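# A look at the structure
Letter by letter, the chains look like this.
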Amino acid sequence: EDKVVQSPLSLVVHEGDTVTLNCSYEVTNFRSLLWYKQEKKAPTFLFMLTSSGIEKKSGRLSSILDKKELFSILNITATQTGDSAIYLCATGTASKLTFGTGTRLQVTL
Amino acid sequence: SAVISQKPSRDICQRGTSLTIQCQVDSQVTMMFWYRQQPGQSLTLIATANQGSEATYESGFVIDKFPISRPNLTFSTLTVSNMSPEDSSIYLCSVSLGLPQETQYFGPGTRLLVL
């Protein structure tokens, strides 16, 4: 059975801090790893990673994949209160996404 | 990306009744998906909605409980039948726009409470 595990489950940081969110996986027919941000109901797409060691960046967010050790990290620098959300990682095969349980991030003033 | 709408955005229903959720996309898409997110849980795929054929259901989900229609390439419905309080969840549709196939974009979701 495919498994995606995220850690920590929840995190509280102060504005300006840097955070690292972790995602490990055991998936057959792995093709990609995706990160989403969920603030209310709808997850919004952040990154898709397919190759090991190549960092993807978007503003203060960055992510990297290690296909040998089967994990990915999502970094957020200089956090802001608007970064408060649940961050979901998912593994992608040709036919479906399998989601982890998510990391709930709260950024306080 | 695509503009995806869902109706209703939320509902409160009595047990034993059924609710049909609609998902509309502003462009033609090959693949549409339906997910459930129970309180405090992550997203679980219910089924893939195939245009012109029956939906493909994941383990633990059956057509009698969650019938799905996909009449064209821009629209799908999910019905939650004979509801019980355990069906209280957020229901989300998503679409894949093609390449890369794995990237899915989500609708705004339907929050369902069953009393």
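Criteria and thresholds
Residues numbered from 1 in each chain as written. Chains lettered and ligands numbered in written order. Predicted model: local features only at pLDDT ≥ 70, side-chain atom pairs only at ≥ 80, totals over all residues. Heavy atoms only, no water. Pairing = 2+ DSSP bridges. Helix = DSSP H or I, 4+ residues; strand = E, 2+ residues; numbered from the N terminus. Axes fitted to C-alpha atoms, helices over the stretch in contact; angles between N-to-C directions. Contact = heavy atoms within 4.5 Å. Buried area = accessible area lost by both parts, 1.4 Å probe. Salt bridge = Lys/Arg side-chain N within 4 Å of Asp/Glu carboxyl O. Polar contact = N/O pair within 3.5 Å; in protein donor to acceptor, adjacent residues only side chain to side chain. Nonpolar A, V, L, I, M, F, W, Y, C, P; charged D, E, K, R; others polar. Disulfide = S-S within 2.5 Å. Buried < 20%, exposed > 50% of the residue type's maximum accessible area, 1.4 Å probe, protein only.

### Quick word on the sheet that holds strand β1 (residues 3–7) of chain A
Residues and elements named next belong to chain A.
- Spatially, the five strands line up as an open sheet ordered β1-β3-β8-β7-β6, and their pairing is antiparallel. In this open sheet, the two strands that pair with only one neighbour each are β1 and β6 (56–58). Taken over all neighbouring pairs, the strand axes of this sheet differ in orientation by 15° on average, direction set aside.
- As defined by bridge partners, strand β7 (residues 61–66) adjoins strand β8 (residues 71–76) across six bridges and the pair is classed as antiparallel. Opposite Ser63, over in β8, you have Leu74 as the bridge partner.

### What about the sheet that holds strand β8 (residues 75–80) of chain B?
Residues and elements named next belong to chain B.
- The sheet built from four strands is open, its strands ordered β1-β3-β8-β7 with antiparallel pairing. Bordering the open sheet on either side are β1 (4–7) and β7 (68–72), each of which pairs with just one other strand. Strand after strand, the sheet turns through a mean of 15° between neighbouring axes, direction not considered.
- Pairing between β1 and strand β3 (residues 19–25): four bridges, direction antiparallel. Opposite Ser5, over in β3, you have Gln24 as the bridge partner.

### Focus: the interface of chain B and chain A
- Contacts between the two partners involve 24 residues from chain B and, on the opposite side, 20 residues from chain A.
- Interface area for chain B against chain A, summed over the two sides, is near 1,700 Å², with a carbon-plus-sulfur share of 54%.
- Among the residues of chain B in contact with chain A, Ser42, Glu102 and Phe106 of chain B are the three that bury the most area, contributing 33% of the side total.
- Summed over the shared surface of chain B and chain A, the number is two salt bridges.
- Salt-bridge contacts for Glu102 of chain B lead to Arg31 of chain A; the nearest nitrogen and oxygen are separated by 3.1 Å.
- For the pair chain B and chain A, the number of links is eight residue pairs in polar contact (both at pLDDT 80 or more).
- Among the elements of the structure, β4 (31–37), β5 (44–49), β9 (89–96), β10 (104–106) and β11 (110–114) of chain B are those that each provide at least two residues to the side of chain B that touches chain A.
- Take the side of chain B that touches chain A: its biggest share by element is four residues, from β4 of chain B.
- Of the residues that constitute the side of chain B that touches chain A, the class distribution is 11 nonpolar, 10 polar and three charged.

### Let's talk about the state of the cysteines
- Counted under the stated rule, the structure contains two disulfides over all chains.
- The disulfide partner of Cys23 of chain A is Cys89 of chain A, and the gap between their sulfur atoms is 1.9 Å. Disulfide Cys23 of chain A-Cys89 of chain A: torsion about the S-S bond near 65°, hence right-handed. In this pair, Cys23 of chain A is assigned in strand β3 (residues 19–26) and Cys89 of chain A in strand β9 (residues 85–92), connecting sequence segments 66 residues apart.
- Among the residues examined, Cys23 of chain A registers a relative accessible area of 1% and is labelled buried.
- Sulfur-sulfur distance for the disulfide between Cys23 of chain B and Cys93 of chain B comes to 2.0 Å.

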